[in-house]
Amino acid sequence: AQSVTQLDSHVSVSEGTPVLLRCNYSSSYSPSLFWYVQHPNKGLQLLLKYTSAATLVKGINGFEAEFKKSETSFHLTKPSAHMSDAAEYFCVVSDLDNNNDMRFGAGTRLTVKP
Amino acid sequence: NAGVMQNPRHLVRRRGQEARLRCSPMKGHSHVYWYRQLPEEGLKFMVYLQKENIIDESGMPKERFSAEFPKEGPSILRIQQVVRGDSAAYFCASSLKSGVSGNTIYFGEGSWLTVV
């Protein structure tokens, strides 16, 4: 069975400072990993995905994530936070050989202070 | 190319009524997924459907909930005799195909059900 743990339920940063949202996964297979962002009362938007190609993945809005198999981690980072980054972020693991079974983390709420 | 369309966006039901949530996948997508997001919780998988078939309903409550994806028309998530605990955001997603590494799932904007 696969699962994903987002280590922080809430992260608060100041505008212009780095962002780190942590995610650890568990999977019996070679997983695909995703980060989605959800703004209030909105659907989920794909930020980036890892699919066994390059371990450092670049996404939209300046976000990137690094797949570290030895640490079973897929942390999301951004060098400089913007006010518009305030949202809920979900780390997702998918075993795509098993009927597209995607498992979501509980989410991390990012607050950006001026 | 329109994205995943869900309606209604907001639905209010009294306890005991039925709620029907509709989802039209992206054009060309034949795989549909339903997720539920309870207040202060993450998203939980409910059901995975292909046209006319339920592939995985391991996340569906055993009673009152059902889903279908007919040959023609949108996918429907149906909740009978709603209770207050059913109040949540319900998200539909679709994908092009299954079993392909990196296959991206696209989400709709969600339907917010409030049971009063």
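Overview of the structure. (Residues numbered from 1 in each chain as written. Chains lettered and ligands numbered in written order. Predicted model: local features only at pLDDT ≥ 70, side-chain atom pairs only at ≥ 80, totals over all residues. Heavy atoms only, no water.)

## Quick notes on the overall build of chain A
Stage number 1. Of regular secondary structure, chain A possesses zero helices and 12 strands.
Stage number 2. Helices and strands appear in chain A in the N-to-C order β-β-β-β-β-β-β-β-β-β-β-β.
Stage number 3. Here the C-alpha atoms of chain A give a radius of gyration of 13 Å, agreeing with the 13 Å that 2.2 N^0.38 yields for 114 residues.
Stage number 4. Dimensions of chain A, computed from the C-alpha atoms along their principal axes, are close to 45 × 30 × 20 Å.
Stage number 5. Per-residue burial over chain A gives 46% buried out of 114 residues.
Stage number 6. Sequence-distant contacts in chain A: of pairs separated by 6 or more residues, those separated by 24 or more amount to 56%.
Stage number 7. Put simply, chain A has 10 plus and 10 minus side-chain charges, and the middle of one group is 3 Å from the middle of the other. (Helix = DSSP H or I, 4+ residues; strand = E, 2+ residues; numbered from the N terminus. Rg over C-alpha atoms; globule rule 2.2 N^0.38 Å. Buried < 20%, exposed > 50% of the residue type's maximum accessible area, 1.4 Å probe, protein only. Contact = heavy atoms within 4.5 Å. Lys, Arg positive; Asp, Glu negative; His and termini not counted. Charge placed at Lys NZ, Arg CZ, Asp CG, Glu CD.)

## With respect to unusual backbone geometry
Stage number 1. A cis amide bond, omega 0 degrees, links N7 of chain B with the succeeding residue P8 of chain B.
Stage number 2. Looking at the element boundaries, P8 of chain B is found in the loop between strand 1 (5–7) and strand 2 (10–13).
Stage number 3. Despite not being glycine, N61 of chain A shows a phi value in the positive range, around 60 degrees.
Stage number 4. In this structure, N61 of chain A sits in the loop between strand 7 (56–58) and strand 8 (64–68).

## Looking at the pattern of salt bridges
Residues and elements named next belong to chain A.
Stage number 1. Tallied over the entire structure, the rule returns eight salt bridges over all chains.
Stage number 2. Where R22 meets D8, a salt bridge forms, and the shortest distance between an N and an O atom there is 3.0 Å. Of this pair, R22 sits in the loop between strand 3 (19–21) and strand 4 (23–26) while D8 sits in the loop between strand 1 (3–6) and strand 2 (10–14), placing them 14 residues apart in sequence.
Stage number 3. For E64, the salt bridge is made with K58, and the minimal N-O distance between the two is 2.8 Å. (Salt bridge = Lys/Arg side-chain N within 4 Å of Asp/Glu carboxyl O.)

## Quick word on the state of the cysteines
All names here are of chain A.
Stage number 1. Under the defined criterion, the tally for this structure stands at two disulfides over all chains.
Stage number 2. The side chain of C23 participates in a disulfide bridge whose partner is C91; the two sulfur atoms lie 2.0 Å from each other. The S-S bond linking C23 to C91 shows a torsion near -65 degrees; that makes this disulfide left-handed. Of this pair, C23 sits in strand 4 while C91 sits in strand 10 (residues 87–95); the two residues are 68 residues apart in sequence, bridging distant segments of the chain. (Disulfide = S-S within 2.5 Å.)

On their own, these measurements won't tell you what the molecule is for.
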